[in-house]
Every structure is written in C-alpha cells, then in structure tokens.
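What follows is the residue order along each chain.
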Amino acid sequence: ERLAETPAMEVRGDRTQLLFERTWPAPLIRVKLNGSAVLMVLDTGTPGVLIDATFMARSRVTPVGGQRLTPWGGTRVAVRNAIIQELRIGDITITNVPAGALKLHKLSLAVNPQAETIAGVIGMSVLRQFDVTFDYPRRRVEFAPHGTAATISGTRVPFDLWGECSLVVWGNINGGRRMAMSLSSGLPEAGLGAPEGVFDELGLKPGGVSKLMKGAGSWIQGRPWAAVNVPALTLGGVAFDKVPGWSGAMEPIEMWREGVRKDALLGPAIFRGRRVSIDWTKHDLVFED
C-alpha cells in the first residue's frame, strides 16, 4: 500500500556514457545515490535495485514497511522495502526508485576486494529503460534511447523476456542440447553458472582443488560454488571457448520458476573483449563484429 501511494519512478535524460570502475569480476560504475558518490554493480539478472543496509542509512534512503523475496544470483533473498529519492547515472536522473535493502558486505569482498565498499546493485527496473551497451574494449557502459541499438551492425542473438526480469537466450554448452540461459551480468568472475546437475549431465566436473575451496556463492547462498572450466559455449552465431564457470551458482528450484526449464546463468565473461548491446526494440543481444 505504501509503495502504491509513492509517486511513480520518473526518468529524466535518455543518454549517457560512463567509464567502468572495474569490469572484472563484475561490472562496477560510479553513480550518485541521493547525492552521495558510490559504487554499484550492473546486474541484468536482478529485477530491481538493491541497496546495502549500511548505505541505506548513510544516504538517507527512505525505508518502507515490510519485506519481500527477490531473485538475485540464482536464488531468492529477503529484502526490506525502500525508496531511493534520487539515483543519478551520469547525465541521467531517476527519482522515486523502488529498492530492496540487505547486507552486501560479502558481495563487496567478492567483486571489489580490499577496495571501496559496494553500495548496491542496479538491476532491470533501471536497465530496461534504455538500450544498454557493455563496451569492454573501451571499458565503458552506454545508455541510449530505445531504438538506438536497432541500427547497430553485428551478430544478433535473439532473446526472450521471462517473468519480471529474466532476459533469456538459447544456446548450448560444449556441443550439448539446446538450453535456455538467463543473462546475469553481475555473476562474479564467470561466464556461466548452473546447478551441479547441469554440469553433471554434460560431464563437466570441478577440479580437485576447487572442490576444497569456497567459491563466491558463500556470500549469497551460504554455501560454496565450485569452479568449472567450460570448454565451449555457443549462443546463436556467437561462440566462446575456455569459459570460466560456477557449479552450484543457481538453485535447482529456479530452473522451473517461469514454468519452462532454464538451465544456466550467463555472466560477464561473455562481454570480455567485446562490445555487446541490449536491443529492446528487436529483442536481440548485438555482438558487434
């Protein structure tokens, strides 16, 4: 009821470019949260905006009564409702942004170790307002009006939008069967994440050392992920080799959340050395040649 009474999210400005603070293990940009300059992760796998509970108080983000579950990192997490009065991304200003507050200290240690603390995650409620380009060769991200990416030349990989946020492309892993995979640019240090059963089906096993190591999953799911080297990945007319992956980086229950089987998450390693745009008009991912 409180969220319904709040003025709708408003976007002012439709084009900007920012340099990435980091592209690996996850894409980080510097934005202004209620006037304070902070670092946030760009994550196409998160439906909305997430705020670290500490920064919520420090940046005077308005709390809203109640909690909810939200998809994040291949699982569901409980967040406290909040409203960000103003989020500035370069020349773009967004007001009255619904958000979810939770502890992100372990995320910060995973994606920006021994450096500035991560304040939050920018998800699809913001990213769907623009055609977004991840330009890794130039270490920058570009936000442009819808229709801009429709004119870009390159190899186009069609995508579907499942549920509230899941941008799904079809491909195959190591020459196996056709699989649905959800783009999750905030998946740290990987190009692919899937339940252990998916990797077992493909005959891909974690190395002996990685079985003993706690992966990045300990900061979200409370249990470790195991590192897996994926020999080959194909998305439409785009091919990748030697892709770093995480076994366990997606809860098995999430495979059937939308009623159609989804096998994996696609992480930021598919952007490395490439310029990739999200074309919301034609529903394509555009890999420029």
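The model shown is predicted, which means the values in this text are computed figures rather than measured ones.

Cut-off values and rules
Residues numbered from 1 in each chain as written. Predicted model: local features only at pLDDT ≥ 70, side-chain atom pairs only at ≥ 80, totals over all residues. Heavy atoms only, no water. Helix = DSSP H or I, 4+ residues; strand = E, 2+ residues; numbered from the N terminus. Phe/Tyr/Trp six-rings, centres within 6.5 Å; stacked < 30°, edge-to-face > 60°. Buried < 20%, exposed > 50% of the residue type's maximum accessible area, 1.4 Å probe, protein only. Lys NZ or Arg CZ within 6 Å of the ring centre and 35° of its normal. Salt bridge = Lys/Arg side-chain N within 4 Å of Asp/Glu carboxyl O. Pairing = 2+ DSSP bridges.

### Side note on the environment of Gly147
Secondary-structure assignment places Gly147 in the loop between β11 (140–144) and β12 (155–162). Sequence-wise, Gly147 and Asp279 are 132 residues apart; in three dimensions their C-alpha atoms are separated by 7.1 Å.

### Things to note about the packing of aromatic side chains
Pairs of aromatic rings are described using the distance from one ring centre to the other and the angle between the two planes. Summed over all chains, the structure comprises eight aromatic pairs. Measuring from centroid to centroid gives 5.5 Å for Phe130 and Phe143, while their planes differ by 90°, and the two rings are edge-to-face. In this pair, Phe130 sits in the loop between α4 (124–127) and β10 (131–135) while Phe143 sits in strand β11, placing the two residues 13 residues apart along the sequence. Judged by its relative accessible area of 1%, Phe143 falls in the buried class. When the centroid spacing of 6.2 Å and the interplanar angle of 70° are considered together, the rings of Phe240 and Phe287 count as edge-to-face. In this pair, Phe240 is assigned in strand β17 (residues 238–247) and Phe287 in strand β20 (residues 284–287), connecting sequence segments 47 residues apart. Each member of the aromatic cluster is reached from another via a ring pair, and the members are Phe20, Phe134, Tyr136 and Phe271. Positioned above the aromatic ring of Trp170, the side-chain terminus of Arg178 is 4.2 Å from the ring centre.

### With respect to the pattern of salt bridges
For the structure on display, the rule yields 18 salt bridges. Between Glu254 and Arg76 there is a salt bridge; the shortest N-O distance is 3.3 Å. Placement of the pair is Glu254 in the loop between β17 and β18 (264–266) and Arg76 in strand β7 (residues 75–89), with a sequence separation of 178 residues. Its salt-bridge partner being Glu254, residue Arg257 comes within 2.7 Å of it at the nearest N-O pair. On the accessibility criterion, Arg257 (38% relative accessible area) is partly exposed. Residue Glu254 is classed as buried on the basis of its relative accessible area of 8%. Linked through salt bridges whose partners overlap, the residues forming this network are Asp135, Arg138, Arg140, Glu142, Arg275 and Glu288.

### Re the pairing of strand β14 (residues 179–183)
Side-chain direction in a regular strand flips from residue to residue, so the side chains alternate between the two faces of the sheet. By the criterion of burial, β14 is predominantly enclosed, with five of the five residues buried. Burial along β14 is two-sided: the face carrying Met179, Met181 and Leu183 and the face carrying Ala180 and Ser182 are both buried. The pairing of strand β13 (residues 166–173) with β14 spans four bridges and is classified as antiparallel. Note on β14: the bridge partner recorded for Gly171 is Met179.

### Brief notes about the pairing of β13
A large share of β13 lies buried, amounting to six of its eight residues. Two elements, β12 and β13, share four bridges in a ladder whose sense is antiparallel. Bridge pairing in β13 places Phe159 opposite Val169. In this antiparallel pair of consecutive strands, β13 and β14, the connection spans five residues, and Asn174 shows a positive phi of 55°. As paired elements, β13 and strand β16 (residues 226–235) share three bridges and run antiparallel to each other. By the bridge assignment, Gly171 is partnered in β16 with Leu235.

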